[in-house]
Amino acid sequence: MAALLFACTAFLHGLEPDKRIDQYGHDVWTSQRGLPGEAVYQIMQSLDGYLWLRTSSGLVRFDGVRFVSMDSAVGSEPIKALAMSASGDLLVRTTSRTAIYKSGAFADYRPVQPLPDGEIKSVFESRQHEVLIGADDFLYLGDTQRIKLIQHGTEAVSSFLQDETGKVWVGASTGLATYHAGILSDALGKNRVPPVFSLLEDSKRQIWVGAAAGLYRLNQPSPNPLGHRPESDPSLTQVAPGKISGPVNAIAEDRSGNLWVGTTSNGLFRRQGDSISSFGLTDGLSDNRVLAIFEDREGSLWVGTGSGLDRFRNTKVTTYTTYEGLPSNTTRAALRTRDGSIYVICDNGGLARIKDGVITATREIPGIKVFNASSMTEDKDGSIWIGNMQGLVRFKDGVFTAYGGDPRLVGKFIPALAADEDGLIYSSSDTVTYRFKDGKVQPFTVGGRRNLQSGPGNYAFAIYHDPAGTLWFGTEQGLSRYARGQPPNTFRINQIQFPVTSISDDGRGSLWLGGRTPGLTRFRISDRRITHYKKIDGLFDDYPTRALFDDDGNPWISTSNGIYSARRKDMDDFADGRISTVPTVVYGIADGMKTSEASTPSAQPGGAIGPDGRLWFTTSKGIVAIDPRHLPHNALAPPVVLESVVIDNATMPASGDFQVPPGKDKLEFHYTALSFVVPERVRFKYQLEGYDRQWVDAGPRRVAYYNNLSPGHYRFKVIAANDDGVWNDVGASIGFEMKPHFYQTHWFQLLCGLLIILAAIAGHRINTRIFRRRALELNRLVEERTAELRKSTLDLEKSTAELQESKRHLEQVAFLDSLTGLPNRRMFTQQIRKMLAMSKRTGGRFTLVMIDLDQFKRTNDTMGHDAGDALLIHAAGRLKAAVRETDCVARLGGDEFAVLIASDDGAISVDLICRRILDNFVPVAPYKGAELKITPSIGVATFPDDGETDEALCKAADIALYKAKGSGGNCQRFYHQEPSTHTVRELTRP
């Protein structure tokens, strides 16, 4: 696995050569940040991915997050030197031991034996597996049997190098030598340049020498045509003597071919061809005394100094500051012009132009005492206009012209500028928008007409002139649109109801708006469709300052907390409801920004797209550039290592399967992933097979906890992803067994089971005797209770019959009129509602007839209630005789009756029934020798013509009834018909 990982490093890029050193991601660890010791003398990386440091406090292992002192893992002796073995393993030399690190553990590589004399300075293993040990005045061979002296009087031997021919070069205080077959020879002859501190063979097989006087390149004469020894000795040529000065302690070549040089007192140097750049204490290096340089497998460069550990790495964001030539680090607005330049306003500094990677700064602007600008635009003739607190500034053909005579310019904050075919447009802090033309300030009008922007009260934060010639204004009141020929009532975009502080065009028909409301708003121009994207929907931040779009239409948004990006497809899918969350990727300080704070929306525009597709955003510490097409990608899956297991606070190495004794119920698994680019973004998942049903997402946490596991076999697995989300799905794992207590063992459970069985048998026999005695008693009780139950059952049946009879009586009382025996009002209501439901379902018709007895009150008043009751009973009988059996006759109360007639024959059959009712009422009711005359008044309403609800029908029938009574009674009236001439004959007793 380790060999595969290191083989993959060939496909990884080193530090980007076109960046300045200060533009790389730079991290520093000192003793205040957890580094054991101060000075870092050597840096190496083992096959499993750990970084190893030899510091002033000893041997230190580093995983990108945690420093671990490892002296005790090697032994009790101090660590003197480190080297890589011929097989790529870590070699460690102590006072008497030469140890090798393999499979996560140290073991003796050579017999334990101290040097006969001298203080150890270095160790080295050749491809022939010869171990050389350099001392302060000796060179030794660490043989498989004993230590052998090769040379005395070498002074300090500090470095070794084996070139492609197999020759071993030795750097010492006495100069440069070569070693072969147990013999040390002077390498330079008369061309000696002592002392030598470091050696390197680069990718072109050129040998570099770090010496006390500087950096040298080794010149080796070619052999003569006959293959004999060359006549001249090798020589050294000093490189950049006026630039790289002082003792050179370390040399390294990165994957991009840059040569890195560490000096004793002048910091770090980088050589790119013939170009030399430097980075020292004043630039942020932990110390000017550089002792070690190392490039790891991910392409990061590690530098050990006298005061700590520095790391330089590629980042996705490139920041330009005063180191690159900006007049100040507080950048406020960025504008791309037609010639491909990026112009940047630098607060209280001046104007910067970025073109082809070169920054040209203008710090002094004629006519402007204090450069406090906030907005920029370019007009049609290529002039750049700048909104400054002292007025407008024009930059054309290298000449600045200031305009500040008008009181509407001087002392006003100009938040936004734009230019159209008619001149310059600017908004002012006096909440008015003006046009500046021919050196004069005029009211802003469209087609000679005033508009929303012409008068005070509508502060404009942003102005955008789109390619179609339309002017867009982001104001305190929302969004406005101005185009030639546009009617005034269409200026305001009514869908936008919040203050708009920034306007960004995606070039695909939509404007993206930021404002004083949470989230980012997309306004599709064609149909004015609005989509709001907020933090709760997946966005990184709710308050954007600027949105830019790459070649694929993906948005990149700057905020006060960093820059984030999203995929255009995800934004579209969210707008169409296909997804509920928009995934975003965040870029901040860890990605190369000096600060995550972007410029405020009060500066316009807050970003620009370069001609090469790079996106430029202004921040409070420089301007940053992102190239979406060439983002550095860490394609190397991180090695995952299980470091240790903690069982009830006792730590043990995770070197193999293990057992947990009974009673130990607290387990911790400590793990790591060896990715150093952005280690705080490494993510982990783990699973305990036999316990966890699925993977547990641990985020950046590097420890897993388990308590009270049941006895059994388990396997803990952990996987990890690097900062770019590349997962190592193989990960690491370890198996273990939770041993049971004696009472959890199978034999104990079997014994308990046997005892339970025996106890059950004994209990069964005892219970059998008891049950027999109880059975006789129960039989007697059953017979007594059965007789009682039989009697209770008979009583219950009698009570049930009485209850049913009472129920029938109550139902009759509830739904029948007690005097006439006809259905009462409650039953009538149920019947009319049933008939309504059926008629609506089948499309049928029915008629409601309301009947009132004429002169009933007079009979009651003159002859008494008994006579009235007799008259009502007689009338009920006449009604039942007059209608059909299918019709429903009900007494609604008093002398009011109703008839429901189901009929599809319309008013003809109803009229016939009504006539029968009238005719049937001709006889009189005899009462105690008197004749009680009976005549009815009839009102008729039909469903659905006269009403579609019971209330409507009853009301219609009532109205018809009142018509009949108003006509003198003894007649019928339909709700929508003229009065009938039909009357009842009045008869007297013969």
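Residues numbered from 1 in each chain as written. Predicted model: local features only at pLDDT ≥ 70, side-chain atom pairs only at ≥ 80, totals over all residues. Heavy atoms only, no water.

## Here's the deal with the packing of helix 6 (residues 856-863) against helix 7 (residues 865-882)
The following threshold applies: The angle between two axes is taken between their N-to-C directions and runs from 0 to 180 degrees, where each axis is a line fitted to C-alpha atoms and a helix contributes only its stretch in contact. Every helix listed is a DSSP run of H or I at least four residues long, and every strand listed is a run of E at least two residues long, numbered separately from the N terminus. Only heavy atoms matter for contacts: two residues are in contact if any of them lie within 4.5 Å across the pair. Lys, Arg, Asp and Glu make up the charged group, whereas Ala, Val, Leu, Ile, Met, Phe, Trp, Tyr, Cys and Pro make up the nonpolar group; the residues left over, Gly among them, are polar.
Axis separation between helix 6 and helix 7 bottoms out at 6 Å; the angle between their running directions is 145°. Packed against helix 6, whose contacting residues are Phe856, Thr859, Asn860 and Met863, the element helix 7 presents His865, Ala867, Gly868, Leu871 and Leu872 at the interface. The class makeup of the residues in the contact of helix 6 with helix 7 is five nonpolar, four polar and no charged.

## A look at the packing of aromatic side chains
The line we're drawing: Two rings from Phe, Tyr or Trp (for Trp, the six-membered ring) form a pair when their centres sit within 6.5 Å of each other. Planes less than 30 degrees apart are called stacked, planes more than 60 degrees apart edge-to-face, and all others tilted. Three labels apply to residues, based on accessible area from a 1.4 Å probe with only protein chains included: buried if under 20% of the type maximum, exposed if over 50%, partly exposed otherwise in between. Only when the NZ atom of a Lys or the CZ atom of an Arg is both within 6 Å of the ring centre and within 35 degrees of the ring normal do we say a charge sits over the ring.
One pass over the structure, following the stated rule, counts 46 aromatic pairs. Note on Tyr24 and Trp260: the rings are 6.4 Å apart at their centroids and 55° apart in plane angle, and the pair reads as tilted. Of the two residues, Tyr24 is situated in the loop between helix 1 (2-8) and strand 1 (25-29) and Trp260 in strand 23 (residues 259-263); the sequence distance between them amounts to 236 residues. Taking the centre distance of 4.2 Å and the plane angle of 5° together, the rings of Phe669 and Phe716 count as stacked. With Phe669 in strand 60 (residues 666-673) and Phe716 in strand 64 (residues 712-721), this pair connects stretches of sequence that are 47 residues apart. Judged on exposure class, the residue Phe669 and its partner Phe716 are both buried. By way of ring pairs, the aromatic residues Phe658, Phe669, Tyr671, Phe684, Tyr686, Tyr691, Tyr706, Tyr714, Phe716 and Phe736 are connected into one cluster. Taking NZ or CZ as reference, Arg110 lies 4.6 Å from the ring centre of Tyr109, over its face. It is Lys685 that lies over the ring of Trp727; its NZ or CZ is 5.0 Å from the centre.

## A closer look at the environment of Asn258
Relative to the elements of secondary structure, Asn258 occurs in the loop between strand 22 (248-253) and strand 23. Along the sequence, Asn258 and Lys534 sit 276 residues apart, while their C-alpha atoms lie 45 Å from each other. Beyond its immediate stretch of four places on either side in the chain, Asn258 contacts Leu15, Pro17, Ala252, Glu253, Arg270, Arg271 and Gln272.

## As for the pattern of salt bridges
Close approach of charged atoms allows side chains with opposite charge to pair. Our working definition: A carboxyl oxygen of Asp or Glu within 4 Å of a side-chain nitrogen of Lys or Arg is what we treat as a salt bridge.
Counted under the stated rule, the structure contains 45 salt bridges. Residue Glu643 is joined to Arg66 by a salt bridge in which the shortest nitrogen-to-oxygen separation is 3.1 Å. Pair noted here: Glu643 is in strand 57 (residues 640-647) and Arg66 is in the loop between strand 4 (58-62) and strand 5 (67-69), with a separation of 577 residues, a long-range link. Under the relative-accessibility criterion, Arg66 is labelled partly exposed at 28%. The salt bridge involving Arg833 is made with Asp950; its shortest N-O contact spans 2.9 Å. Of this pair, Arg833 sits in helix 5 (residues 825-842) while Asp950 is found in helix 9 (residues 950-966), placing the two residues 117 residues apart along the sequence. Using a relative accessible area of 49% as the deciding quantity, one classes Arg833 as partly exposed. Relative accessible area serves as the criterion here: at 10%, Asp950 is assigned to the buried category. Here the residues in one salt-bridge network are Arg61, Asp63, Arg66, Glu643 and Arg702, joined through shared partners.

## Topic: the sheet that holds strand 53 (residues 584-587)
Selection criterion: Strands were regarded as paired on the criterion that DSSP finds at least two bridges between them.
One open sheet holds the four strands; their spatial order is 50-51-52-53, and the pairing between them is antiparallel. Two strands in the sheet have a free side with no partner beyond their single neighbour: strand 50 (546-549) and strand 53. On average, adjacent strands in this sheet sit at an angle of 25° to one another, irrespective of strand direction. Bridging between strand 50 and strand 51 (residues 555-559) involves four bridges; their strand directions are antiparallel. Counterpart to Ala547 in the pairing with strand 51 is Ile557.

## Things to note about the confidence of the model for the chain
The condition is simple: Per-residue confidence from the prediction method is given by pLDDT, with values spanning 0 to 100.
Chain-level pLDDT for the chain is 88 on average; 93% of the residues reach the 70-or-more range. Low confidence marks residues 1-11, where pLDDT is under 50. Its contacts with residues over four positions away, or in another chain, come to 15 contacts. Confidence drops under a pLDDT of 50 for residues 978-990, and excluding neighbours within four residues, the segment shows 21 contacts in the predicted structure.

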